[in-house]
Amino acid sequence: MKKLMITAVSLGLAAAGTALAQAPSRTVWDGVFTADQAAQGKVLFNNKCAICHGAEMNGAEMAPPLAGGAFLANWSNVPVSEFFTRIHSTMPANDPGSMSGQEVSLVIAYILSFNQYPAGTATLPSDEAALAQINILAEKPAAK
Ligand code: HEC
């Protein structure tokens, strides 16, 4: 009986530990990219993405919008790592996989900036483990 209880307690702790490890510690409201990254990303976006998604990111034909409500309906509450992987492996649709991880991060910085998220002093990383710690969130969380 005692052994059973200990097992139950340690399972409970393990579950709590997993939840903690998985909850991204930051959101796109926290200044997770620099203004310089966004500026570089803009050049890349206009060269490689705008032809299909539009310079205003409002989408066209088959290409979905990358700004506004339609974009956030798909991506709010999703870690940036998933957005990164989606772009890195499937975009640009006419040449998938052609961009380096660093270029993808720059483009993401511009997309976030275009969606009115604030630039900050932190550089948006391009490794997935670090990006998994940042959530895309439509609504600004209440101040802690
Ligand atoms: C040749 C046209 C084309 C180009 C260029 C292109 N895309 Fe796309 N993109 C699409 C199409 C079509 C879809 C939807 C179908 C699919 O996923 O392939 C899409 C889907 C996406 C999605 C998923 C959106 C969602 O909410 O589901 C993202 C993110 C994205 N593109 C980002 C980019 C970025 C960033 C670039 C530039 C690096 C880019 N795309 C360049 C055509 C394009």
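First, a word on scope: everything that follows refers to the structure included in this document. (Residues numbered from 1 in each chain as written. Predicted model: local features only at pLDDT ≥ 70, side-chain atom pairs only at ≥ 80, totals over all residues. Heavy atoms only, no water.)

## Things to note about the coordination of the iron atom of the ligand
Part 1 of the reasoning: For the iron atom of the ligand, the protein coordination sphere consists of H53 (NE2) and M91 (SD), at 2.0 to 2.2 Å.
Part 2 of the reasoning: Coordination at the iron atom of the ligand is octahedral: its six donor atoms span angles of 86 to 178° at the metal. Here M91 lies in the loop between α5 (80–90) and α6 (101–114) and H53 lies in helix α3 (residues 50–53), a separation of 38 residues in the sequence.
Part 3 of the reasoning: Residue class for M91 comes out partly exposed when judged on its relative accessible area of 23%. (Donors = N, O, S within 2.8 Å, 3.2 Å for Na, K, Ca; no water. Tetrahedral: all angles 85-135°; square planar, octahedral: opposite > 155°, others 65-115°. Helix = DSSP H or I, 4+ residues; strand = E, 2+ residues; numbered from the N terminus. Buried < 20%, exposed > 50% of the residue type's maximum accessible area, 1.4 Å probe, protein only.)

## Details of the layout of surface pockets
Part 1 of the reasoning: Empty space within the largest pocket amounts to approximately 430 Å³.
Part 2 of the reasoning: Around the largest pocket, the lining is made up of 26 residues, and of these H53, A63, P64, L66 and M91 lie nearest the centre.
Part 3 of the reasoning: Of all the secondary-structure elements, those providing two or more residues to the lining of the largest pocket are α2 (35–48), α3, α4 (68–75), α5 and α6.
Part 4 of the reasoning: Looking at the lining of the largest pocket residue by residue, the class counts come to 20 nonpolar, three polar and three charged. (1 Å grid on protein atoms, 1.4 Å probe; cavity = no way out; pocket = protein on both sides within 12 Å on 5 of 7 lines; lining within 4 Å. Points joined across faces, edges and corners; volume = space filled by probe spheres on them. Nonpolar A, V, L, I, M, F, W, Y, C, P; charged D, E, K, R; others polar.)

Keep in mind these values describe shape, not function.
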